[in-house]
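Overview (structure and organization)
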Amino acid sequence: MVGLLTLELFINEATSLKGKRRVLKSLLDKVKARYNVSAAEVGKQDAWQFSTVGVSFVSNESAHVHRTLAAVIRFVQGLGTVEVVDVKTELL
């Protein structure tokens, strides 16, 4: 089972693309280390206050995929460095 999570983010503290990259790098590194997922910016690379982040997770149990992706969403929301504007989850 493959889980795909797409997060639309608003980065309020970013005042430039450099600032956005700093915030996103920290966020993605924390998510990858904590949840053993793959994560990357997949859209809106040229917008300095917005980003689309993709997260993928593979497991043999769909319940485990759901729990992990839900935990990633809660973690990102709880960090306080970005605002989650929209969430899309897919299971393949």
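Residues numbered from 1 in each chain as written. Predicted model: local features only at pLDDT ≥ 70, side-chain atom pairs only at ≥ 80, totals over all residues. Heavy atoms only, no water.

1. What to know about the overall build of the protein chain
Along the protein chain, the regular secondary structure elements total two helices and four strands. Traced from its N-terminal end to its C-terminal end, the protein chain shows the element sequence β-α-β-β-α-β. Taking 92 residues into account, the globule formula puts the C-alpha radius of gyration at 12 Å, and the protein chain, at 13 Å, falls close to it. Based on the C-alpha atoms only, the size of the protein chain along its principal axes is roughly 40 × 20 × 20 Å. Each of the 92 residues in the protein chain was classed as buried or not, and the buried ones make up 39%. For the protein chain, the share of sequence-separated contacts (at least 6 apart) that also reach a separation of at least 24 residues comes to 68%. As displayed, the protein chain has an accessible area near 5,300 Å², and 52% of this comes from carbon and sulfur atoms. Here the protein chain contributes 12 positively and 9 negatively charged side chains, and the mean placements of these two sets differ by 7 Å. (Helix = DSSP H or I, 4+ residues; strand = E, 2+ residues; numbered from the N terminus. Rg over C-alpha atoms; globule rule 2.2 N^0.38 Å. Buried < 20%, exposed > 50% of the residue type's maximum accessible area, 1.4 Å probe, protein only. Contact = heavy atoms within 4.5 Å. Areas by Shrake-Rupley, 256 points an atom, 1.4 Å probe, with all protein chains shown as cover. Lys, Arg positive; Asp, Glu negative; His and termini not counted. Charge placed at Lys NZ, Arg CZ, Asp CG, Glu CD.)

2. Here's the deal with the pattern of salt bridges
Within this structure, the stated rule accounts for five salt bridges. A salt bridge links Lys-88 to Glu-90, with the shortest nitrogen-to-oxygen separation between them at 4.0 Å. Judged by its relative accessible area of 47%, Lys-88 falls in the partly exposed class. Take Glu-90: its relative accessible area is 34%, and that puts it in the partly exposed class. (Salt bridge = Lys/Arg side-chain N within 4 Å of Asp/Glu carboxyl O.)

3. Thoughts on the environment of Asp-29
For Asp-29, the location among the structural elements is in helix α1 (residues 17-35). Accessibility expressed as a relative area gives 37% for Asp-29, which makes it partly exposed. In this structure, the C-alpha to C-alpha distance between Asp-29 and Glu-90, residues 61 residues apart in sequence, is 22 Å.

4. Description of the packing of aromatic side chains
Per the counting criterion, the structure on display carries two aromatic pairs. Geometrically, the ring pair formed by Phe-10 and Phe-50 is tilted, given 5.2 Å between the ring centres and 55° between the ring planes. Taken together, the residues Phe-10 in strand β1 (residues 2-10) and Phe-50 in strand β3 (residues 50-58) connect sequence positions 40 residues apart. Their ring planes at 70° and their centres at 5.7 Å tell us that Tyr-35 and Phe-75 sit as a pair that is edge-to-face. Remark: Phe-75 occurs in helix α2 (residues 62-79) and Tyr-35 occurs in helix α1; sequence separation between them is 40 residues. Accessibility classification places Tyr-35 together with Phe-75 in one group, the buried group. (Phe/Tyr/Trp six-rings, centres within 6.5 Å; stacked < 30°, edge-to-face > 60°.)

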